[in-house]
Every structure is written in structure tokens, then in C-alpha cells.
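# Fold and geometry: a report
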Amino acid sequence: MWTPTEEEKYGVVICSFRGSVPQGLVLEIGETVQILEKCEGWYRGVSTKKPNVKGIFPANYIHLKKAIVSNRGQYETVVPLEDSIVTEVTATLQEWASLWKQLYVKHKVDLFYKLRHVMNELIDLRRQLLSGHLTQDQVREVKRHITVRLDWGNEHLGLDLVPRKDFEVVDSDQISVSDLYKMHLSSRQSVQQSTSQVDTMRPRHGETCRMPVPHHFFLSLKSFTYNTIGEDTDVFFSLYDMREGKQISERFLVRLNKNGGPRNPEKIERMCALFTDLSSKDMKRDLYIVAHVIRIGRMLLNDSKKGPAHLHYRRPYGCAVLSILDVLQSLTELKEEKDFVLKVYTCNNESEWSQTHENIIRKSSAKYSAPSASHGLIISLQLLRGDMEQIRRENPMIFNRGLAITRKLGFPDVIMPGDIRNDLYLTLEKGDFERGGKSVQKNIEVTMYVLYADGEILKDCISLGSGEPNRSSYHSFVLYHSNSPRWGEIIKLPIPIDRFRGSHLRFEFRHCSTKDKGEKKLFGFAFSPLMRDDGTTLSDDIHELYVYKCDENSTFNNHALYLGLPCCKEDYNGCPNIPSSLIFQRSTKESFFISTQLSSTKLTQNVDLLALLKWKAFPDRIMDILGRLRHVSGEEIVKFLQDILDTLFVILDDNTEKYGLLVFQSLVFIINLLRDIKYFHFRPVMDTYIQKHFAGALAYKELIRCLKWYMDCSAELIRQDHIQEAMRALEYLFKFIVQSRILYSRATCGMEEEQFRSSIQELFQSIRFVLSLDSRNSETLLFTQAALLNSFPTIFDELLQMFTVQEVAEFVRGTLGSMPSTVHIGQSMDVVKLQSIARTVDSRLFSFSESRRILLPVVLHHIHLHLRQQKELLICSGILGSIFSIVKTSSLEADVMEEVEMMVESLLDVLLQTLLTIMSKSHAQEAVRGQRCPQCTAEITGEYVSCLLSLLRQMCDTHYQHLLDNFQSKDELKEFLLKIFCVFRNLMKMSVFPRDWMVMRLLTSNIIVTTVQYLSSALHKNFTETDFDFKVWNSYFSLAVLFINQPSLQLEIITSAKRKKILDKYGDMRVMMAYELFSMWQNLGEHKIHFIPGMIGPFLGVTLVPQPEVRNIMIPIFHDMMDWEQRKNGNFKQVEAELIDKLDSMVSEGKGDESYRELFGLLLLEKVEQETWRETGISFVTSVTRLMERLLDYRDCMKGEETENKKIGCTVNLMNFYKSEINKEEMYIRYIHKLCDMHLQAENYTEAAFTLLLYCELLQWEERPLREFLHYPSQPEWQRKEGLCRKVIHYFNKGKSWEFGIPLCRELACQYESLYDYQSLSWIRKMEASYYDNIMEQQRLEPEFFRVGFYGRKFPFFLRNKEYVCRGHDYERLEAFQQRMLSEFPQAVAMQHPNQPDDAILQCEAQYLQIYAVTPIPDYVDVLQMDRVPDRVKSFYRVNNVRKFRYDRPFHKGPKDKENEFKSLWIERTTLTLTHSLPGISRWFEVERRELVEVSPLENAIQVVENKNQELRALIGQYQHKQAHGNVSLLSMCLNGVIDAAVNGGIARYQEAFFDKDYITKHPADAEKIAQLKELMQEQVHVLGVGLAVHEKFVHPEMRPLHKKLIDQFQMMRASLYHEFPGLDKLSPACSGTSTPRGNVLASHSPMSPESIKMTHRHSPVNLMGTGRHSSSSLSSHASSEAGNVVLLGDSSVGEAPEDLYHHMQLAYPNPRYQGSVTNVSVLSSSQASPSSSSLSSTHSAPSQMITSAPSSARGSPSLPDKYRHAREMMLLLPAHRDRPSSAMYPAAILENGQLPNFQRALFQQVVGACKPCSDPNLSVAEKGHYSLHFDAFHHPLGDTPPALPARTLRKSPLHPIPASPTSPQSGLDGSNSTLSGSASSGVSSLSESNFGHSSEAPPRTDTMDSMPNQAWNADGDLEAPYLPVHYSLSESAVLDSIKVQPCRSHSAPGCVIPQDPMDPPALPPKPYHPRLPALEHEEAMLLREEADRPRGLHRKASLPPGSAKEEQARTSWEHGRGEQ
């Protein structure tokens, strides 16, 4: 049964519970739970993480903790009963845990490991706290460590700073804001310095500076490793100051046995000492730890003969040193013991033993020896700080180890009272002794005893070193054979104080013989008393003692015998008459030196001090003795402080009149001595003395009298040192006065009370008198006043013993009031005065409310004066902080209301003014320096802000009411409101408090919102109706907006735990302010119109705060604004414009989200629905929400790691929206520039130019001035337009789009010409000319185009469910493009088919990408149709300014014919029309329209064959034009692909499919198309024949077998077509199978010498020209692998007739896109992915410019078949062409009866008749060639003469390359981009329609053989038209020039040539020729019409012949039209 728990209320989960039972609560280890009920080992309760979910869990999984339960029952709250710091550690560790993991993810490895270490430390420290086994001191220390680590972690993780007091987190409600500010400051400092002691409160004014912290060295000897001594040793450690050359500490002695262990077994692990009381100054000295090793044994270590074994001597062995400065750093950082090894060096010369350590330090290595083995002392050191009590407390383990306290010689810096010492340190310096007649020097040992007056030897009064017990005698070490030993050994003599007087020291000198007996012989002694006759001890100095002779028989029993003798020189001078007959005779040649140093708190060496203490013995010297007191050292005075004071007051009582002033001065001297930091700790001794021992009951009268006399004298005296000293001693003088009065009152039962009071009042009058004096001209008086003011606050506590609080307060008020105001006082005095006030405020007196009522007005008065004049602001802020702190702590008292009222009246206004001044100053400094002045902003601003906030926080309703009622006029109120609003605004703008001071910031916000609530009613009441004041209201609104937008109030970005804490304490203050703001807006009424449009932006910022409630409150204000503007203006254009403007900037800053967009639309539409202007309202709200949609997309793109494409697309989308939908020109222009910058960054220069052109087109060539905008200065409109034009031209140039730049050049030229600016005109014309050169000479790559569909709702708005066509990058293939798109949209899935997606995909929450390549359909068809236009020009127009694109998809309609699939293979042709042409302002544009057309199988076949014919023509033409020198492999592959495919079923399949009788019968309507196909096949056979002829000329000898194979296959192909086309065998002379020798027709123009044969390496780079395409077509592609895999570069300059024949043919059949392009040979491989298999493969090809010409040479062909061999021989026999007559071109062997055979004659006539040899002197050799044929017939301006070459009609344009195989429906080569892949596929590309088809319906042909007039073949037509040379690029012409062919002579046609027989038809049907000029006119007219229709014309025809009048006229007309446009 479940029962409610009584005790078990709170617990921690110690094992995770999965909640695997019904009602089980899932718990993670470490969670805390609140327990409600229990039942049989189970608990029921909630987790504190999820307090709403209840469940059960096992009891044994929970560790119970004590807790306080409040409000028991259903809604009880449980708070764990544990130390608050433990709770904080727990919460902090949980918060750090997630951040710690993030550090690892973000690769902040260093911080990750540091934080892990700190977290582990915190866990361990928390465990120690919870254990409950620590002492209070240890608990405090653990807490200190915890807080330091917590603050460090918070700082490094960017978390909030926690303000603390005594390691506990403070509650901001319990303390004043000033104190909270100071705690934040101190916490920050403790974090930054990581100090060991965290002082959470700054010391208050008047608190003394901190005591110096003593340092201590803990030293422990671990071991002494030595293996050669073998005797006991003593090791002495001491601290040595190298600079001073003296030891500064006692010695620490360790006694070791011969094995190196301690001689005393109890000392194992306990050989340690603490060197104490080192000051900070000592730590900077050049200190060393010095270790002297003394062995105890034989005289000589290695000589057993020297001395008997039983006698042991102390003998020096070695020395070791360690520099403290070297190890100090590591010791300071380590804070624990660290080991060091000290090498022990031995002294080379024993006489220098006392300097060994110095020699080692100085590295005088000649004087000491390094140890031969591992001799070393291993010690550990630790540095400790603090007084001894603290050290004992913090390190108890050290003191448990038998620690030897080793003191400093002399007193420490701070002498503690009660520190009793009586130590005499004696140093055995040196001795000089006689040899005594011996040959060797003595071995001298000194023995010392301390004897009392009666001759008794004092026991245990000699200490060799700490760590060992004292002894009664001392034996020095022995230096071998030294009569002048130097010992330098220090011995401490701790003689009891009562035995000191009368005691003396006796030194006995013995010679230690090393003979067999080894006896020690006494030969002398010396002695010294410890005290002089006058009672002073032996002075700290070196003393030379007399040595007296004696021997072993001498007796010292009667010490009086020698004590009467002089011990030293001074002593001898004191008693000269000494009898010479005494027992002991002085040895005058011998001397002995000692030095002493006394460290005693009881004995003195000062005569003056002794005289004072014994003043009664010298009554006549009292005046002198008192005068000499100030010359006694401070140490001596504090040692005898009580005795001295007693003496002084006894003297005072003895004769007040006579000694009063002197005693007063002595007392002042002693009191001021205790102010010295060294003796500061004796103040308690003085206090104790006054309280318990002082007995001067009458002293107060004299002290008051003297004090008053001093003050009264201050006006007249020039020297005031003694007055200033008295002023400084005021505190203790008053203590003596008060205590004396108390004693007197006690003794006399309160007699003379009135006299005392009146004397005190008189004294205060004197004090006021001193303070009121004008000290500006007297520095001494100034110091006196300063001293008085400094001491004045210290006397309050003493006065309170004798007077009431009110009386003392009145005294103080009078005194403070007597000070002159700041105007009449110097600045230094100002500071002192304020410090005095500060200490008054900090005193106990001020804590009484009775005194505050009296003192507060005067304090506030002074502060007010200073603040008004902006002086001493820092001190004033400290005083105010103290006042507010006191008021806060006593805020329960009723009097506080009155005090706050007083402060509000006096301070509020001046505080505001001060803050405004400080803030404006700091702002100015920030502007000048670029950084904040720390003094101004951080320190002062923070102090004053905290003061202002403290005051406002103390104010209640009454205070506000009084404040507002007290304003005399509305102007005053207005000024006040403006000030306070301005301060609040600055508070939020300037970020006075650092970002991590969250507690401070929240409290500030809370105070501001409370204050604003009080003030808003006053604003509404006073400034709404008739007295409306825009300035105040505007200030109020600005403040409210800033408040809501504060970063510290944005709770959404902080952790949930912190958010809950803030909401519990303050609520959401943004909502509070939003309600306030809304209600004030509603109160405005008709004045709202003043804030339209000004407040739209700020209010919009508020609504963008991600707080739903704030949004709900504020969004309706926009409706209100629209309504008010509608009422006033009849529209809301201002609201609309401003809202759109501000929305753009704010969303781009990161504000707003999707939910805001929805809420905005929802709330406003709801409001607008009810209005009369609803339509315009709805339209506006809709457009704003749509704008927001785009802006959010834009922002997401920009801020994310999005790719350039996405950003550009987004920007274009937004830019178009601004232009087209909401017509915001300025925003439109801004985004034009943003887009341009993006393009430039991505190096899309053409797109950047088009983008900038949009702005350029908005401008006119006018003088209208334009304002400064973006980066443009203010300038005339024409100037900006000119600059833009130049920039656009520059970008077009960088993007190699010169054709687009030329019209702009012309436009600028037109302007320059009209302005006669010839310099600029010249420049722009040159640029235009250079662009033409670039067009003809520079290489440009043709891009590929890809269609991309973005499907699914997860795409950004501007892409969602839309399709685009994208212009690919250079060299980018489909695979690369697809990869790029998928990387841009990593969530997207690539669709594997080209079909349109269904609704399910369009509406799904996903991303689908559909990508395939498309073919551009150029607009400039007329340019592409012109015959003489260079291919470089055509290449540009094929892929630029393209708006339509095509994509073909093959499919089978009806049943698929398995034997011949072409019968049913249809093509689905999709034409995509874009919104804009490419290239444009983006690399991609949206598809505007789709058109689908189906192409029948027959039409497809026609297009395929036609395209292949065109491709063959283009390729063959390249070889004829010498554009493809030598690289015949491309031609080989192309021919092989077509012929082989035809043989293996290519064209044959078309025959089967469409020439079949069944097909013709079933499709009678296709008869014309079938005829067309037949005609194309005939044409293909002919073209192949010409191609084979050209191939033979260039083919490499090694490739002859391939050529033969091609010819054989060609014959088979012809044979297969023979039945369809009888007479076809006569068409191709190159491949004729007749016995007519080939040489007869194909005669060479030049000899072919074996020498000139050149073989190009098969791996030449030229092999790689062209692009390998990989088709995935599933349709058959037959090609010979021989051709595909062999790519040879061969040259031959054998000119044969078919080459020239085809040269004409190529001009008649220009391929608009592929002419001359190597890569358009489909045999290389598939150039475009065949859609027949839905592949998304890429399409690439190289442009025509990429053909590299190689030098050609004549070449022999050893592999020719026999039947051709005689022709080759004939050619070799011919002479060189320059030597032989024209008839040599056609040798007699050709002729039959002087005539050619019919076929050959017809062909010859066709070839030669229309041309003549080239002799134009303007042509280069390369252009002329060997007997180059003129093509003038094509360009003849007269008549209807048709061309001489067989040609096809121009009706279809552009013509398309034909794939190598008729089995695939798409072209093998696209040519759209320019990869230089060399992978030539052995297969044949998939066959398809070309990329540039137009109508699939072919018009009927008119160029059949029958319709061709015979005169077309006239051999001698008019050939007078000028020849336009074709321009080669530099590289081409250079290569061609290298051939070095001699120019040809002009020849007329040979006489043997007979005109063509009219009965013989021409070889191929020619095209009907249109006259040239009418065609030009037609083109020009079309161009002009196009220009008129287009928004801008950027293209000019570049192919017009010069000299045409109509062209000139048309050009002028075009220029004029362009200029006007």
C-alpha cells in the first residue's frame, strides 16, 4: 500500500533506471528526485528535471538526502539541506558537462583537457566537503579552492560571473546595488588574478593597508650519498646572502652516522626544518642555501697513523650550495615539495675553508674540488606563505614530523607582541696564535663555556644548530696545521634572562697533537662578559679578545682570578693599573676575534633607553633624557613599550607644568612609531595597555591642554612638523584622554564632568578653527589640516564612550560643516576632505539612524557640490556606495524613508547629470582612441550607475509621488524625464556591465522597468493632450524598444535551468515593458501620427524579438499606424515604405523567423479585414509576408555555410522581388551591388558585369546631381553612369565576353565624341579595337548547360518545385556538376530519371534533385549561317545570349522491332524557355516555359545522317585549311566510326527500316522524307570519299593498314547501297575499285622526299586534344577498335584534288557550332550523355580553338598496296612545284586522247573550273597554301551564278554534326565545354539528334540533280570579287608559317582541260546560291528590327564585308538607336 513519506523526501539517483515496469519513471544516474510515496521497496515521485511526470522507481536506486519541506501536501516544495556551495558545484558541473563535450567537437583540445582536470578536482573537493570530517579551517580552505575553480571554469566557458561573499553566492535582494557591483568587481579580479585569497569586498575607506606576508622555506634532508668518508658527519644548513656576504639565518643541524642515516634512529624521515620570517624583500635578495659538512673522526681521513683511533676531532669535509633565485619560480608555481640534489665540493686549502661556499658560488674552481663519485645531498624544498599560525593550520602534517624552527638572525619585519626572544648569536671569527717553537703549525681547537657569576657552567645554553638539543660546551672544528685559523662558525646562546647579568664566556685554546698519544694540550684562553657595567649588553660588533697564556695545570676553579683582568682593548682602557704579577699573563702577539648579535625582547644595548627607565637616578637629566627618546630605535622602544609608557605618565604626574609638553611630544612620537608597518602589530599591545595597565587618571587634562595649544598655534607657526605629528596621533591621544577621564571619574564619582565636557567642546572649536583657515597659500598649514582630517574619524568611537550619539554627531557635523566648500579649497585638500567624510560614513557612528539624521545633510551637501563641479568623482561614488549599503541593511527602520527622501531631493538630479557627462566623455574618448578609457567607463560609470540604481531601488510610491510633485513647472519635469530616459538608454547601449555580469544586468533591467512604470503615468498625465511633447514621448519609446531588445533579456538563448530561475525571480520583463509600451501607444490618441514612420523601425525590432507574447502585443500597432496614416493621407505609403525598408535590414541582422512571418500575416490580415481600405491593406500585408519569406531564405543562405550558387540565387530572387513586386528602387540597387560583389568573389566576371549593368541602365547621360549612396560620392548622374560603364566594360573584359563590352564602348565613344573629349575617345576606341583582336586571337572555352529541378518542400522558397538551367563552370562535366549540386544540398536525393515528378514528390518534406545536360538553341542563327564568319566568332554566338534549350529523350512507340529497333525509335524533344537569356545576372535562370515535340523515327534518321555529314565536313575542312596539321588520328577515328558502323549495320539499318517496300506502302506521306534520307546517304558516301582522300594525304606510314581497311570497308558500304543508288560507284574517285590509277586523279602538288618524313611521338600532347565522352546509350554503336585505340600524329603535305574539292564543300556547308573542332568527332566517344538510357552523365568537348597544328612534311608510304604503288612512284618522279610547268600537275598518263575520262573530267572540271591559283600578295604563305583554290565564287557580288562546289541548301540552319552511328538518337559530340580529356573511346558515341536542332519537319528539297542548271559548273566564272582572308590566331599562323613553302606562281587553267560534257551530271547536287548583297541588306534590316525590340543591344554582326554603303548606313542607324535607348 502506498503511503506518503515523512522523512524520505529528496534523493539522488545512484543507478540508472529504465522504467521497465508499468508506471516506471525513467531515471539517469545523477538525477535528483522528489519522493511523494513509498511501498515495499519502491518510491513514487518525480524527477526535478521533469516535475510534471510522476512514476515509480526502486528505493535502492536512490541515495536519500536531508531536505527542508515547505507547504506539505499536494503542492509541497523540497529544498535539499546541504551546504549551498555543494549545491552550486552540482549544478555547475551539470551545466559544464554538455559544454565540455562541445569543446572536443570544436577541436579546443587544450581547454578540453584543462576543464576535465578542473572538473575532477571539483568532484574531489565536493566529496571532501560532504564527508563531514574537515575542521572549520579546512572547510574554509576547500571552499576557497572550489570557488576559484568554479570562477575559472565559468570565465573560460563564457558563462556568467557569480558574485560571492565568504565563498557563498550572494542574494541580490539582500544587499545594495553598490555592494553587488563591488562584489562583481572583486569576483572578476579574483578570476583574472586567480589569487589564493578571494576578498569579496573592497576594503572600506580608512581600513589600513594589508600586512606584509612572511615567507618560509620548508627544507627536508632526504639522504646524503657518499662512499668515501666512512665517519659520522654533521651537516649544517643555513641561508646565505651573497650580496651582503653574510649568513641571515640560524643553522639547521643534521647529525648522520657513517652509513649516511641519522645518528638518532628516531630522526628517520624527520630531518626537516622551517626557515621562518623571510620578508618579500628577502625573497628578492641573492639568497643561497648553504650546507657545510663536518666529519667527526681522525685528523686525516686517509691516514690512520695520524692520531689514535679513539680520539675524534671535528674536521671540515665539504660544502654545497643551491641558489634560491634559480628555483623560486618553480617552487612558487608548484606549491608542494620539490626535490633537489646538492653536489658536495671539498676545499683544496683548509685555511680558506670559511670562504668555500663563496668560492663555489663565484665558481672559483681552483679553490675547491668536485667529488670523485656521487657525493650529494638530496633535499626537498617547499615555499610557504603566511604567518606561523596560518602555516600550522594549513600544513599540520609538516609540524608532526619533528620540525626544527630555524629563525632569522635578528628580528623579522613584523615584530609580534608576545614574541619573546633572548638569543645571543656568537660567531667564532678567527685567531692568530704563535707557533711556540715548533717546526709545524698547530692544530687548534677552541672550547667554549658559558659561566654564571659564581663560576658555575650554565647547562644547555649553547646551540650548534636547530634540530639538535642544546649543550653545555662547544668544541670548534680543527683546521690542520694552521696558526691563523678562520672558523666563521655561528653558535646560538639561548641564555635565560635572569642569568644574563653576571654571566661570561670563556674560550679555551688547545693544540691537538697527532702523535701516538694524541693528547690535546691547553695553551691559552680568552673570556668576555655578556653585559657591560652600565647595564647594556655586548654590542653587535666584532670584538678582539685578549689571549692569556696557561697550560693543562692551570686551574679555572677560581674564575675571579681572571675576571678582574681586561678582556679586550676597551676593557683595558677602562682599568689601566693592572698588576703584572697575576697568574695569567697576556700573550701580546696572539689575538682572538668574535662577533655577537643580540636578538632580545628583554635586553637592550641602548644607553638612552636605560636612562629613561631609570629616570629617578638622574633627576636633573630628565629634560635631556626625554629629548633623546626619539633617537632610540623603534625595535628597542616596542620591546619596552609598557615600561616606557609607565615611566612617561609617572614623570607627567611628577611635574605636569615642567614636563607636560615633553611627555606629550614623547607620547606622540611613540604613538606615531606604532603607525609604522613594522610595528603595526604592537597597536593591540598599546590598546591592552590603555585598557588594563594605564593608570594616569589626571593625564587627560594635560593632554587636552597640549592638544588645544598645538591647534591654536597652527595659525601662527611656520614650522608645524610637531603639530602635524600630534594630529596624526589624534586617535591614541583621545584614547588616553577618554581612559584617563574614565579612571578619574571612577575615582571621584564623576566629579568635574562639566569642566571635561566644556574642555572637549573647546577642543572641537580649536579643531574647527584649524579647518576653517585658508590654506591655499600655506603648504605647511595644508599638511596640518590634512593630518587632522585624516585622524579625525578615528576619534568617534572614543567620544561615544563619553557622549551620546546625537552629541557626537553634532560635534562631527560642526567640524565637517566648518570645512570650506570646494570653490575655496585646493584640489589636494578636496581629496583629504572627501576621504575624511568617507571614513565618517564608514564609521560606527554613521550606522546609528539618530546620527545619520544629523550627519546626512552635511555629507550630501559636500557630495552635491563635488558632483555639480564634476570633481573627485571616484571618492564621491565610494561614499555614496557606503551610504546606500547602510541604508539597505537598515531598510526595515522607519527612519530610512526620510533618509531616502533626503537623498532623492539632493542627489537624483545631480546623479543623472553626472552620469550623462561621464557617458558623453567616455563616448568621445572612445571615438578618439578607438577604445574605452578604463578609468572613465568601467570604474566611474559602473560606480555611479550602481549608485543611481541603489537610489531608485530604495524609492517607493511615496518617494516617486513627492519627486513628481516637487517639480515647479512642466519644463523641469520634461528635463528630468529626458535625462533619466537618456541615462537608461545609454545604460543599455554602452553595456556598462560586462556580458557575463548576468545578475547585475537583470537587476538593472528590473529597476529600470519598475522606474519606467512609475514615470509613464507622469508622462501620460502631463504631455498628452494640449501639452503634447514629441521629444519626451520619442525618448520614452526609444527606451522601451532598447529595453525589450537587450541581449541579457533574450531568455531563448540560455539554458532552461537558468531561464526558469530568471522567470521565477523577475518574470519576463520584456512582456512587462511591451504591455507598458502598448498602453502608452494607445494613450497617444491623435498624436500617433507624429511617430509615423519614425517608430515603425524600432517597433518592428520589438516584434521580431522571439517572444510570442511580445509579438502578439506589438504587431497590432502596425495596423494602428496604417489606419492613422490612411485617415490623414488617404493611403499608408509611408508605413509601407518604412516597414519594407527596416524589415530588410533587421532580417538580414538575424532577427525574425518563419513563425513570425505567419503570425505577422495572421494578426494584421485579421485586423485589416474589418477596414474600409481592406483591399490595399490585404495586398500590402501579403506582399510584406512574401518579402519576409524571401528575406528569411536570403539570411539563411548568407549566414550558413552555403555555397556561392545558393547565395547568388537567393539574392537574385530578392532583387527581382524588390524591382518587380514592390518597386523599391533603392533596395533593388543595394542588392544589385551585393550580387555583383558575390559574383566577383566567385570570379563570375560576366555575370558581375550584367548585374552592374542593371544599375547603369537606370541612369541617364544627364547633369542631374545624385546624392551620396553606398560607396558612391555625391556626383552628377552622367559621371556615375560613365564610371559604371567603365567598370562593366572592365568586368566583361575579365570574363572574356568582349562582344558584350563592345556596344558599351561605342556608347561611351558616342558620348565622348559629342563632348569633344578626344583623349577619352581615343582610349575607348583603342579598347574597342583590342576587344576585336581578343575575339579573333584569344582562346575561349564553351560552357555546358544543365537543367536542374528542385522538388520537395524542404528547399528554400526561391527554389521550391522549380526548374532552372545553369551555365556550368569551365571544364565542368555533368558528373562534376551533379556532385557540386549534391554537396550544396547534402540532404537532397538525386532522381535517376528525366521524367516530370508527380505530386507526391512535389509536396513531400524532402529534397529531390533532377539534373541532366541540355543543348543551347542559339538566337543568332543568321550569324551562324554566314559562310565567311570565323569559327571563333560563331563559337561565341552558339553559347551566348541563349534563352532556349533542348533535351531529347528516345522512346519506342508501339511494339519494339527486335530486328531493327530504329523502326519504332521516336524522340521526345523538350524545349525549355528561360525567364532571361544566359549569360545574365546569374549563372542560372528559371524555366519559364516547356514545349514537348515528338520526332518520328524517319525524321530522326534524317537529322542523324545530316548532322553526321556536317560533322565530317567540318573535320575534313580542318585538315584542308591546315588547322589540324598532322593529327590525322582524329580523322581516322571519325571515318572509321562512320564507315565501320555503316558496314556493320549503321546506315544499313536505316535502309532496312525506311527503304523497305512495306514501310513505303504503309507511309505514303513519308515519300518526300524517304527521298531526303536517300539524298543524305548519297551525300555521306561522297563526303566519306573526300575524307578518305584527305586521310590518304596525311596518314602516317604505320597507319596504312588501317587506311586500306577503311577503303575496303568503304567499298563494302558502297556496294550495300548500290542497289538503292545506281551510279554511286562513280561518285568517289578516292575509293574507286577500278583499275584507274589513283595517282592519275590525285596527283601531288609537291614532291614527297623521304628526308622530310617526320614521325610525331605517339604520346605527344596533341594526342590528348579533344574530349573523351562516355556514352551510356544502350543502343548499338559499332566501331572499329583499331581506330579508336590508336591516335597518331602524322603530317603530309601531299595536296590532292579531293582536298581542294572539299575545301569548297566545307564553305558551302558551314557547321555553325562545330566547324574545325577536333572534339566534334564522335568516334572519340560519346560527347553528350545519351538520354536513351536516362543517364545523367556529363557533356564535354573542346572548342575549335584547341586544335594544335604541327608542322607538316612530305611523307612516303611504304605500306601502300601494289595497285597504288605506281601512282606514288609517279608522284616521286615529279619535279618541285616551283620548277615544273602547270601541265605537270596532270601528267599525260591521265589523259585519254588528250582528254580525261568522263567521270574524272567532270570531277576535275568541278574542282578546278571555279578556282584559280592564289597570287594575292596580301596573303600569308599559310593562307595561300600550295596552289590554294580561291573561293571567290561564293562571295561574288554579281548575278545568280551558283557555287562551284556540291552543296546542300541553307534552308536548315544551323547544320548539325552527324554521329558516327545511326543506332543512337543523340549527337555524340556537343562541344559545349572545354575539358582536355584525351580518352578516345574505341566505341562509337551514342547516336542522337544534334544539340541544336530546330523544326523536326524538313521542308521539301529543291536542290536535286535534275533541277540544277548546267551553267553552275562553268569553269571560268567571274572571279573578281575581293578575297577576304581568314584570320588565324597567332599560334596557328606561327605554326603554319613554319612550313616555309615558297609562294606559288599564277597559272591559268591548262589548255588540255576540256569543258564539262553537258550530259555528265555533277558529282554532288550543289546549293542554290543567293546573291550576296541582297542577303546582307536583309540581315542588316533584321538586325535593326531586333535592336528596336530589345531592351539593350549588346551584339553586333562581325562578318560584314567592308565597303558596303548599306552596311555603313545601317551601322550609323544602329549607333543612333542605341544612343537614344
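My aim in this report is to walk through the structure given alongside it, one point at a time. (Residues numbered from 1 in each chain as written. Predicted model: local features only at pLDDT ≥ 70, side-chain atom pairs only at ≥ 80, totals over all residues. Heavy atoms only, no water.)

## Some words on the overall build of the chain
The secondary structure content of the chain amounts to 67 helices and 39 strands. Taking the contacts inside the chain whose residues are at least 6 apart along the sequence as the reference set, 76% of them involve residues at least 24 apart. Of the accessible surface of the chain, which amounts to about 85700 Å², a share of 51% is contributed by carbon and sulfur atoms. (Helix = DSSP H or I, 4+ residues; strand = E, 2+ residues; numbered from the N terminus. Contact = heavy atoms within 4.5 Å. Areas by Shrake-Rupley, 256 points an atom, 1.4 Å probe, with all protein chains shown as cover.)

## Structural notes on the sheet that holds strand β27 (residues 504-512)
Spatial ordering of the open sheet is given by β25-β24-β27-β28-β29-β30-β23-β26, a layout of eight strands whose pairing is antiparallel. On the outer flanks of this sheet lie β25 (473-475) and β26 (486-493), each paired with one strand and no other. Sheet twist, expressed as the average angle between the axes of neighbouring strands with direction ignored, equals 25°. One ladder, built from three bridges, connects strand β24 (residues 444-451) with β25; its direction is antiparallel. Pairing of Y449 across the sheet is with S473, part of β25. (Pairing = 2+ DSSP bridges. Axes fitted to C-alpha atoms, helices over the stretch in contact; angles between N-to-C directions.)

## Quick notes on the packing of helix α32 (residues 970-990) against helix α34 (residues 1030-1044)
Where α32 meets α34, the axes come as close as 9 Å, and the angle between the chain directions of the two elements is 25°. It follows from the interaxial angle that α32 and α34 lie roughly parallel. Between α32 and α34 the crossing geometry is left-handed. Of the residues in α34, those in contact with K974, L977, L978, F981, C982, F984, R985, M988 and K989 of α32 are K1031, V1032, S1035, Y1036, S1038, L1039, L1042 and F1043. (Parallel < 35°, antiparallel > 145°, perpendicular 65-115°, else oblique. Left-handed = near helix turned anticlockwise from the far one by under 90°.)

## A word on unusual backbone geometry
The omega torsion across I1092 and P1093 is 5°, close enough to zero to call that bond cis. Along the chain, P1093 falls in the loop between α36 (1069-1084) and α37 (1096-1103). Put simply, L1478 and P1479 share a cis peptide bond, and its omega is -5°. Locating P1479 in the fold gives a position in the loop between β38 (1465-1478) and β39 (1484-1495). With phi around 50°, D460 is a residue other than glycine that occupies positive phi space. Topologically, D460 is positioned in the loop between β24 and β25. Backbone geometry places E752, a non-glycine residue, at a positive phi of 55°.

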